[in-house]
Amino acid sequence: MNSKKVLIHLGYPKVGSTSLQTFLDKIRDKNFTFFSTKFREGPYCNYLNKTFLEIEKQIFFEENDNLKKDWIKYFEINLNHINVISNELFLYPINYRFVNFQRTLKRYLDILTYLDCEIELLIMIRDPKELHISFFTDMYHRFIQYDNSLISFKEYILSIEKNKVTKHIFETFNFNKIICLVEEIDDRLLINKNFHILRLEKINDFKNFFFNFCKNFNLKNEFNYLNIQ
């Protein structure tokens, strides 16, 4: 196994991304590395080097590409045969002032392409209405702190044209727009081939995805061990 495979999980929030990260963190295969600062101290994670936190922050937040050589060197040293890079920050709309989705994804793709990796992308989605209700409920106190007129879900929906934060949230949760942006960044990423879109509504959706993930990444033995419930 000479080539390195990398799956970049972009999010969304409130669609089961944390569940996916939790199970990825438990995979113990020696050929697998899970790059996620959120889970870097997990008991079975074979990647515990906190340097990734610094690298990830630079890739997401640096305005220019002056540190690109450092990023390439870091991944050149640390990539395993099978890898997952996972962070909801790619598509977490509240961070719109700080994270440029196109810039960040392009940086990762440039780094991994330079290192001759097999790249796959994953976006997890759900019914837009349920997604917005779940996100609004979860972020309610932050919405109120930002704008106390967003007192109800109705006000949140009606504010889309006049409130730039709400507008950005709706634009970020526009799955088709994000897919088009990805295709603009790299037209080699083809839907259903190496650009996966998982609509997650039921536990079986998740189980089927994770089974196929383990199968495609030569991790079949891990699926039964994880006992997804």
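Look up a bit, the structure's there.
Residues numbered from 1 in each chain as written. Predicted model: local features only at pLDDT ≥ 70, side-chain atom pairs only at ≥ 80, totals over all residues. Heavy atoms only, no water.

1. Some thoughts on the overall build of the chain
Here is the rule: Elements are defined by DSSP. Helices are runs of H or I of four residues or more, strands are runs of E of two residues or more, and each kind is numbered from the N terminus. The rule is simple: take the accessible area with a 1.4 Å probe, protein chains only, and divide by the maximum for that residue type; under 20% is buried, over 50% is exposed, in between is partly exposed. Whether two residues are in contact is decided by their heavy atoms, any of which lying within 4.5 Å being enough. Reported accessibility uses the Shrake-Rupley method at a 1.4 Å probe radius. Residues are deemed covered only where the shown protein chains occlude them.
Along the chain, the regular secondary structure elements total 11 helices and 5 strands. When the 229 residues of the chain are sorted by exposure, 47% land in the buried category. At a minimum sequence separation of 6, the contacts of the chain that also span at least 24 residues come to 69%. Element-wise, carbon and sulfur atoms account for 48% of the exposed surface of the chain, whose accessible area totals about 12,400 Å².

2. Describing the sheet that holds strand 4 (residues 118-125)
Heads up, the rule is: Only when DSSP finds a minimum of two bridges between them are two strands counted as paired. Throughout, an axis means a line fitted to C-alpha atoms (over the contacting stretch in the case of helices), and angles, computed between N-to-C directions, take values from 0 to 180 degrees.
Pairing is parallel in the open sheet, where 5 strands are placed in the order 2-3-1-4-5. The sheet is open, and its two edges are formed by strand 2 (32-35) and strand 5 (195-199), each paired on a single side. Going from strand to strand, the sheet's axes swing by 20° on average, the running direction of each strand aside. The pairing of strand 4 with strand 5 spans 5 bridges and is classified as parallel. Looking at strand 5, one finds that Leu121 is bridged to Phe195.

3. Focus: the packing of helix 3 (residues 68-78) against helix 4 (residues 101-114)
How we decide: Here the angle decides the label: under 35 degrees means roughly parallel, over 145 means roughly antiparallel, 65 to 115 means roughly perpendicular, and every other value means oblique. Each helix crossing is assigned a hand: it is left-handed if the near helix lies turned anticlockwise from the far helix by less than a right angle, otherwise right-handed if that turn is clockwise. Polar here means any residue outside two lists: the nonpolar Ala, Val, Leu, Ile, Met, Phe, Trp, Tyr, Cys and Pro, and the charged Asp, Glu, Lys and Arg; Gly therefore counts as polar.
Taken N-terminus to C-terminus, the directions of helix 3 and helix 4 make an angle of 55°; their axes are 10 Å apart at the nearest point. On the basis of the axis angle, helix 3 is oblique to helix 4. In the crossing of helix 3 with helix 4, the sense of the turn from one axis to the other is right-handed. From helix 3, Lys68, Trp71, Ile72 and Phe75 reach across to helix 4, where they touch Arg107, Tyr108, Asp110, Ile111 and Tyr114. Residues of the contact of helix 3 with helix 4, tallied by class, amount to 6 nonpolar, no polar and 3 charged.

4. Considerations on helix 2 (residues 51-61)
Note the cut-off: The arc under discussion is defined with respect to the helix axis, by the directions toward the C-beta atoms.
Those residues of helix 2 that fall on the buried side of the exposure criterion are Phe52, Ile55, Glu56, Ile59 and Phe60. Looking straight down helix 2, one finds its buried side chains confined to an arc of 125°; they lie on one side. Among the structural elements, strand 2, helix 3, strand 3 (82-86) and helix 4 are those in contact with the buried residues of helix 2.

5. Comments concerning the pairing of strand 4
With 6 of 8 residues buried, strand 4 lies mostly within the body of the structure. Taken together, the 6 bridges between strand 1 (residues 5-11) and strand 4 define a ladder with parallel strand orientation. If you follow Val6 over to strand 4, its bridge partner there is Ile119.

6. Describing the environment of Arg188
The line we're drawing: The definition of a polar contact used here is a pair of N or O atoms within 3.5 Å, where within protein one atom must be able to donate a hydrogen and the other to accept one, and adjacent residues in sequence count solely through side-chain atom pairs.
Within the secondary structure layout, Arg188 lies in the loop between helix 9 (175-185) and strand 5. If near-sequence neighbours (up to four positions away) are discounted, Arg188 is found in contact with Thr113 and Asn194. Engagement of the side chain of Arg188 in a polar contact is seen with the side chain of Asp186, the distance being 2.8 Å.

7. Remarks on the environment of Glu76
Tracing the chain through its elements places Glu76 in helix 3. In this structure Glu76 comes out as exposed when scored by relative accessible area, which is 52%. Each C-alpha atom of the pair Glu76 and Leu112 lies 8.8 Å from the other, and the pair is 36 residues apart in sequence.

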